[in-house]
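# Fold and contact review
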Amino acid sequence: MHAQVTSQLIKDEAAIFLGRKPTDEEMEHALPRATKKLRWIIDKDGDPNGVRRQPWYLGKLVEEAIVENAFSEFTMARCLEIQARKEAAATCEI
C-alpha cells in the first residue's frame, strides 16, 4: 500500500511540474530513469536533511525525464523528415 501511495504522490508531483497528468506510459518510462538519477545525485552530493527523498523531488526528476523523452522523440522525427527530404531532392522527387 505504501508503495502505491508514494507512486501516486510522485505522479501528482510530476503533474504539478508538467502542468498536466503524465500518462501511465510516460511514468513507466520516466520513473526508472528518474529513480536512477536520484540515486546518482544522492551518491554524488548526499541528501541534506532528507530533502531529496521527498516525493516532490522525485516528481521533478520524473518531469525532467518526460520532457527529455518528448524532446528526443521530436528531434528524431524531425531528423527523419529532413533526411527524407534530402533523399527526395537527390532523386528529384520533390
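Residues numbered from 1 in each chain as written. Predicted model: local features only at pLDDT ≥ 70, side-chain atom pairs only at ≥ 80, totals over all residues. Heavy atoms only, no water.

The next subject is the packing of helix α2 (residues 24–45) against helix α3 (residues 55–90). The interhelical angle for the contact between α2 and α3, taken along N-to-C directions, is 120 degrees, at an axis separation of 8 Å. Classified by the angle between their axes, α2 and α3 sit oblique to one another. Handedness of the crossing formed by α2 with α3: right-handed. Contact with α2, carried on its side by E26, M27, H29, A30, L31, R33, A34, T35, K37, L38 and I41, involves Y57, L58, L61, V62, E64, A65, I66, E68 and N69 of α3 and no other residues of that element. Looking at the contact of α2 with α3, its residues break down into 12 nonpolar, three polar and five charged. (Axes fitted to C-alpha atoms, helices over the stretch in contact; angles between N-to-C directions. Helix = DSSP H or I, 4+ residues; strand = E, 2+ residues; numbered from the N terminus. Parallel < 35°, antiparallel > 145°, perpendicular 65-115°, else oblique. Left-handed = near helix turned anticlockwise from the far one by under 90°. Contact = heavy atoms within 4.5 Å. Nonpolar A, V, L, I, M, F, W, Y, C, P; charged D, E, K, R; others polar.)

Time to look at the packing of aromatic side chains. Taken as a whole and judged by the stated rule, the model has one aromatic pair. Summarising the aromatic geometry, the rings of W56 and Y57 are spaced 5.4 Å apart at their centres and angled 70 degrees between planes, so their arrangement reads as edge-to-face. W56 sits in the partly exposed class, given a relative accessible area of 36%. (Phe/Tyr/Trp six-rings, centres within 6.5 Å; stacked < 30°, edge-to-face > 60°. Buried < 20%, exposed > 50% of the residue type's maximum accessible area, 1.4 Å probe, protein only.)

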